[in-house]
Each structure stands twice: as structure tokens, then as C-alpha cells.
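Inside the fold
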Amino acid sequence: MSLELIRDFTHCFLSSSVQQPQFTKNPNKWNQIKRYHKKITSFYPSISNPSSTLTHLSLSLLSSRNQSSIYFANSHTLSAFSVSFRIQALIVMAEQEGGNGSPKASSLTPYEEALDALSSLITRRTRADSSNMGDQFSHLFEYLKMLDLEEAISNMKIIHVAGTKGKGSTCTFAESILRNCGFRTGLFTSPHLIDIRERFRLDGMEICKEKFLAYFWWCYDRLKEKTDDSIPMPPYFRFLALLAFKIFAAEQVDVAIMEVGLGGKYDATNVVREPVVCGITSLGYDHMEILGNTLGEIAGEKAGIFKDQIPAFTVPQPDEAMRVLEEKASQLNVPLQVVTPLEPSLLNGLRLGLEGEHQYLNASLAVALCSTWLKRTGHLGDTNLEQSKNTLPEQFVKGLTSASLQGRAQIVPDQLINNDRSNDLVFFLDGAHSPESMEVCARWFSLAIKEYNPDQTLFNRQPDSSKFSLEVVKMHHGDRKSTQILLFNCLTVRDPDLLLPRLMKTCADHGVYFKKALFVPSVSVYNKVGSQAMAPIDSNVDLSWQLTLQRVWENLMQVNKGKITDVASVELKEDMEMSASNCEHSAVFPSLPVALKWLRDRVQQNQSVRFQVLVTGSLHLVGDVLKLVKK
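Residues numbered from 1 in each chain as written. Predicted model: local features only at pLDDT ≥ 70, side-chain atom pairs only at ≥ 80, totals over all residues. Heavy atoms only, no water.

1. Examining the overall build of the protein
We apply this condition: Secondary structure elements are taken from DSSP: a helix is a run of H or I of four residues or more, a strand is a run of E of two residues or more, and numbering for both begins at the N terminus. For every residue, the accessible area obtained with a 1.4 Å probe (protein chains only) is divided by the maximum for its type, and the residue is called buried under 20%, exposed over 50%, and partly exposed between those limits. The criterion used for residue contact is that any of the two residues' heavy atoms lie within 4.5 Å.
Along the backbone of the protein there are 20 helices and 17 strands. Here the protein holds 631 residues, and 57% of them are scored as buried. Sequence separation of 24 or more characterises 76% of the internal contacts of the protein that already satisfy a separation of 6 or more.

The following block contains the structure:
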């Protein structure tokens, strides 16, 4: 369907008069337009007469879709653009009209069409492909020219954050702090768990579908028009980073907080020439197939975001990593400072919005980044934002205690269990996927399940439109016992011999033992975004990796057999017919939905037991569980 046809039809549709416009010379096309108009106005009479203002805006928008002057910042323009998208969808449905005069249900929505186009940018090579390292990094600057973003980025007040673990949490804390200080914020993070729009947050909320579509097609169409064989379309993550810069420029945010996707030096977010301040969170062994096999090599890649004389902060690091960070900082005259964990007393009796002791270090880094941003942008002297050594501004405290991030130390009761028994199956979700973060996750889980008592309620804050909803989990003691289950998967580039022992040992050190470990393949496919990313259950799915994970677990259980005694304290009625491989301490299931069904069946068959399920090893697994549990 051509843009010209859409434009001409929009003219007729919005003006509510089927008169041949001057720019439509082709009588066959004009007849086609009239047929569309007749069909659609009969299907949807309530929207056949929009205002003349929208007519003018939509026409100017469609006729100028590839002009740099269109930024979609005006709310009326966005409304007009959403009308044009709806019209495109109606044209598609009219083309697919069935014999009964109604559109076919199989047609994609405008949002699904955009996700389909986005999916086309996902490359099929593995992450371990050596060409990932700096692969045509200079192309990014050509893309910025194509999108007229060079000046916009140079004018942005950016906080840039890299690291192995904690960077998403640090960015979330920083965004919440500055939003509570009264600034318009833009936050770009990765990956998303349920919806791609989670990656782009404006004032703490994920971008709405209408704005996402407007900005997406603006960038996608322009790049499609201007790229060629020498400079092809940007791959998936690079496009998303470019889209983030476009969104934040058009929405005129006061501060853009950009989380590095992978590494730092060659990451798509590193087109930023002069951020206001940079941060490096805790470093560890991750993405070694790309970043290097030593902490020094990894630190060198992360320090790639350092810019000449731009202040930077980090947290305590292993000696090898810290030496490299200090060396890189010295070469660029970067004043590098190390923060220590935030003192809980500074929160005035409140708790951080993100659970876990490790979050006090991330919170401290966020405080340092925000304080420096305020100072360097001339805002530190604003009313009530002054900070002393022993106190935090009220806005900082509110930001830290109200921050929310899905998939990190998150507690979700199963919503498909009857309400009066919803706490009989509770999921403890954390996307830990490195040895260090696995240990932190295990410590959090061990403490969280022991915090429950008859008079205590544990709250987990989640964003819900413009406010926070509280998911309440109450645990009642008495005759009922709790048992712990592990639900695990990780990417094949991870080393389970590093991950699983750290998890098991840390839990055991806290007196927590898993009754059963369940290993499942991924539900989401790597080459699709959106609802189509949920792969259909395949009876012939390759479970070789999950069987490898199971062998590692069973070997660990044998090695620690004499030390583990509490694991047998709860007897369960087990039916393992649904599993592909069942061992004494673990099982492999052919899919995540089958594993969840097995858990729910266990709840029904063991009504004197509460099941506490730790979901970890992969943010993709966490996202898949959230999609299925929250349906």
C-alpha cells in the first residue's frame, strides 16, 4: 500500500466529502479510494466525520512524513497521526473484507505491524560472533545524520551508565530521584520483559502506543529511505537506541538516563559525545564471549563510556577491574570517585523501592550521579535540593523509596490460583545471570522467604498507569509448611558450573534448600518481538541444554548430599508424567507452560504446603513467567 494512496484516502476520509482531489490523477486509483471510503464509513460511521483541524494536521503530516520538520511533539499532531494509523488499519481490513461484510480477524493491528517491522532488524548471528565487537560502529554516526539527531543529542543533559550488574536498578533510582525533583525524565533500559515499550519511559511511565508508533515509523521510514548496501538498516538494538534518542529529543526531556546495552565502548548508546556524568556499576564475569575473559578486559570495555574531563562514579570493584578503570580515567582526565553503600538511616525509616541489600550500593551511585547532574546543570542551588553529609533532600528520599523495576527482586503470587489460596504459589523473580548476581539473588531469596510472619505484609511496588499498585503477599504460619522450588534457565553462553554452585551454596548458608529444581527451555523466540515472540509448544523441542543444566544440578546435590538434610522435611505428592526427564532432585519440562501447570497441580494435591518458587538465571525467563502468570 503506497504512502500516496494512504494520503489521498486520508484526505477524503477526514474531510467527509468524496470529491476527487487535485493531486489524484489516476481514475483507477480514485475509484479504489471511493470503494474504501464507502466500505469503511459503513463499517465505522461514528468516525467518518473528524474535525477540520485533524484533517489539516493529518494531511500535512502524511504529505511531510519524511520531512525533518515533523517532530510529533504537539499533542494535536499526535492525535492526527494516530488517526492516520487507524485509517491504514481500516484500509487493510477493507481489503480483507470477508463475504459477510466484516473485516477478517487475522489482520495485524498497527502496533503489531510496527513490531513485525522491528523484528526484521533482528540479526540471526550469535552474540559470540566476533564481528559484534565494534561492528561498523561508525555507521551509528551516519544514522544520526539521517535522523537529524546530531544537534539534538549534543543538547541533551545525559546520564550514561554501564556495568555488569545493577545498571538497570541504578538508572531506575536516578530517574525516580530527578522526576521527584520536578524534572521531565527520559529513561532507556534493556531488555524489556513483556512489552518493548518498557524500554522507553517518559516521566516514569512506559511510552504510550500512539507515541511509540509515531516515533517508530518516523525513524524506520527515514532510515529505510536513506540506507543502502554500503550502510544498511541498523540492527535491532542500535535501532532501539536511535529511537530512544529521537523520543527524548522530541519530547524535550530535561534529563535522559541511558543504560548501556552491552559493554560500553562500542555500545549504541555511546554516540553520546558529552554526557553530564557517567556511572559504572559493579563489574563481573558476563558476556565474556564479546568483552573478554578477564575482569581487566571487561573493565576496559565498560570504561569506554568515559569522556574527556566528564566526571564519573563507580562502586568498589575487584582490584584488577579498579586498576583499569583508574587508568582509563587518568588517560582522559576523568575525575573518578568511588561511592560506598547508602546508609539506611538516610531514608528516614523507609525502605528502598527495590528489594535487596545490594540495592543500597546502587542507590548510593544513583545519588552521586543525580547530585552531580544537578550541580553541573545549574540546579543544585534550587530550593530544597541542597544536600548535607548526614541528610538527603526529601525529593531524593521519595525517589529512592518509590522506585520500581520489574524482574528484579520481585514477588508475585500466582493469579490463576483461587484468591483465598493465591499465596500457596508465590513466585520470587530475579533476572540474575552472572555468578556474582546469582549470589546476591540467593541471599535476597533466602531472607525474603524468612521475613514472613503472621503480622507482616511484604509489599512489592509495581507501576500501574499513573500510580503504584501494591501486590500484597501475606504468609500465615501454623500447621502449614513451605517448600522451595527452583525454576531455572540460562543462555548457552553462560557457564552453569559457575552459576548453580553459587546459588546452591548461598541458599544453603542461609538454611534454604530446594525440594526440586525445574529446568525449562525459553518460551520467547529470539527473532520476534511482541506476542509473536511466544513460540508455540513444540513436542520435538531440543532439550539438550536443559538436560545439561539438570546434570550439573544433580552432581551438586550428590556432592552436598551429607550437608543437605532439610530438603526432605516436606513430603510432596509428585506426578512427573509431564516432565521430559525426572531425577531425584530435579526435572526437565518441555516448556514453561507445562512446568507452571505442574506447579499448580502440586498446589492442589498438597494443600498443607505453600510453594515458594525462585525464578532466575535469565531476564528472558523472568519475562516469560510474568507474561504467563499475570495473564
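Still more to cover.
2. So, the pattern of salt bridges
Between side chains of opposite charge, pairing is possible as soon as their charged atoms come close. Going by this rule: Here, a salt bridge means any side-chain nitrogen of Lys or Arg that lies within 4 Å of a carboxyl oxygen of Asp or Glu.
Per the stated rule, a full pass over the model turns up 16 salt bridges. Between D148 and R222 there is a salt bridge; the shortest N-O distance is 2.8 Å. Taken as a pair, D148 in the loop between α6 (139-146) and α7 (150-155) and R222 in helix α9 (residues 209-226) lie far apart in primary sequence, 74 residues in all. For R600, the salt bridge identified is with D414, shortest N-O distance 2.8 Å. Here the residue R600 occupies a position in helix α19 (residues 592-605), and D414 occupies one in the loop between β9 (410-413) and β10 (425-429), the gap between them amounting to 186 residues. On the basis of relative accessible area, R600 is assigned to the buried category, the value being 17%.

3. As for the sheet that holds strand β7 (residues 312-314)
Applicable threshold: A pair of strands counts as paired when DSSP detects no fewer than two bridges linking them. All axes are obtained by fitting lines to C-alpha atoms, using only the stretch in contact for helices, and the reported angles, taken between N-to-C directions, cover 0 to 180 degrees.
Pairing is mixed across the open sheet formed by 8 strands, whose spatial order is β4-β3-β2-β5-β1-β6-β7-β8. Since the sheet does not close on itself, it has two edges, and those belong to β4 (205-206) and β8 (336-338), each with one partner. Strands β1 (158-162), β2 (185-188) and β5 (255-259) of the sheet are contacted by helix α8 (residues 167-180), whose axis makes an angle of about 170° with β5.

4. Looking at helix α17 (residues 496-509)
To be explicit about the condition: In this analysis, the expected span of each helix is defined as 1.5 Å times one less than the number of residues it contains.
Helix length check: α17 (14 residues) gives 19 Å between terminal C-alpha atoms against 20 Å at 1.5 Å per residue, within 8%. All of the buried residues along α17 are P496, L499, L500, L503, M504, T506 and C507. If you follow the buried residues of α17, they end up packed against α16 (435-450), β13 (481-488), β14 (514-519), α18 (544-559) and β17 (609-616). Looking at the residues trailing α17, positive phi occurs at G511, about 75°.

5. Structural notes on the packing of aromatic side chains
Formally: Only Phe, Tyr and Trp rings take part, Trp by its six-membered ring, and two of them pair if their centres are within 6.5 Å. Stacked means planes under 30 degrees apart, edge-to-face means over 60, and tilted covers everything else. The rule is short: NZ of Lys or CZ of Arg within 6 Å of the ring centre and within 35 degrees of the ring normal puts a charge over the ring.
In this structure the tally under the stated criterion is 19 aromatic pairs. Ring geometry for F216 against F239: centres 5.3 Å apart, planes inclined by 70°, an arrangement best described as edge-to-face. Of this pair, F216 sits in helix α9 while F239 sits in helix α10 (residues 236-250), and the two are 23 residues apart along the sequence. Ring centres 6.1 Å apart and planes at 65° place the aromatic pair F514 and W553 in the edge-to-face group. Taken together, the residues F514 in strand β14 and W553 in helix α18 connect sequence positions 39 residues apart. Given the relative accessible area of 1%, W553 is considered buried. We note K246 situated over the ring of W218; from NZ or CZ to the ring centre the distance is 3.7 Å.

6. Thoughts on the nonpolar core
Rules: For the purposes of this section, nonpolar cores are sets of buried Ala, Val, Leu, Ile, Met, Phe, Trp, Tyr and Cys residues that join through side-chain atoms within 4.5 Å.
Counting residues in hydrophobic clusters, the biggest one holds 53 residues, and the most contacted among them are F216 and F248. Where this core is concerned, the elements lending two or more residues are α5 (110-119), α6, β3 (200-202), α9, α10 and β5. What F216 contacts, discounting residues up to four positions off in sequence, is A114, A117, L118, F239 and L243. In this structure, V161, L342, L346 and A363 belong to the second largest nonpolar core, which totals 39 residues.

7. Topic: the sheet that holds β10
The strand order across the open sheet built from 7 strands is β9-β10-β17-β13-β14-β16-β15, with neighbouring strands paired in mixed fashion. Every interior strand has two partners, whereas the edge strands, β9 and β15 (581-582), have only one. Its contacts with the sheet put α18 on β13, β14, β15 and β16 (586-588), and the angle it makes with β16 is roughly 175°. Those strands touched by α19 are β10, β13, β14 and β17, and its axis lies near 135° from that of β10.

8. Here we look at the environment of I196
Structurally, the position occupied by I196 is in the loop between β2 and β3. Between the C-alpha atoms of I196 and F212, which are 16 residues apart in sequence, the distance is 9.7 Å. Contacts of I196, omitting those with residues within four sequence positions, involve Y111, L115, L118, F212, Y236, L240 and V529.

9. A short note on the environment of P413
Along the chain, P413 falls in strand β9. Overall, P413 belongs to the buried group, its relative accessible area being 10%. Between the C-alpha atom of P413 and that of V629, which follows or precedes it by 216 residues, the distance is 8.4 Å.

10. With respect to the packing of α19 against helix α20 (residues 619-629)
For clarity, the threshold we go by: Roughly parallel here means an angle under 35 degrees, roughly antiparallel means over 145, roughly perpendicular means 65 to 115, and every remaining angle is called oblique. Here is the rule for handedness: rotate from the far helix to the near one, and if that takes an anticlockwise turn smaller than a right angle the crossing is left-handed, while a clockwise turn gives right-handed. Under the scheme applied here, ten amino acids are nonpolar (Ala, Val, Leu, Ile, Met, Phe, Trp, Tyr, Cys and Pro), four are charged (Asp, Glu, Lys and Arg), and all others, including Gly, are polar.
Running from N to C, α19 and α20 point in directions that differ by 60°, and their axes come no closer than 11 Å. In terms of their interaxial angle, α19 and α20 are classed as oblique. With respect to the hand of their crossing, α19 and α20 are arranged in right-handed fashion. Contacts from L592, P593, L596 and R600 of α19 reach α20 at L621, D624, V625, L628 and V629. Tallied by class, the residues present in the contact of α19 with α20 amount to 7 nonpolar, no polar and 2 charged.

11. A short note on the packing of α16 against α17
For any two helices packed against each other, one specifies the inter-axial angle together with the distance between the axes. Packing of α16 against α17 brings their axes to within 8 Å, and their N-to-C directions diverge by 25°. The pairing of α16 with α17 is recorded here as roughly parallel in orientation. Judged by the twist between their axes, the crossing of α16 over α17 is right-handed. Every residue of α17 that contacts α16 at P435, E436, M438, E439, A442, R443, F445 and S446 is listed here: L498, L499, R502, L503, T506 and C507. In terms of residue class, the contact of α16 with α17 is built from 8 nonpolar, 2 polar and 4 charged.

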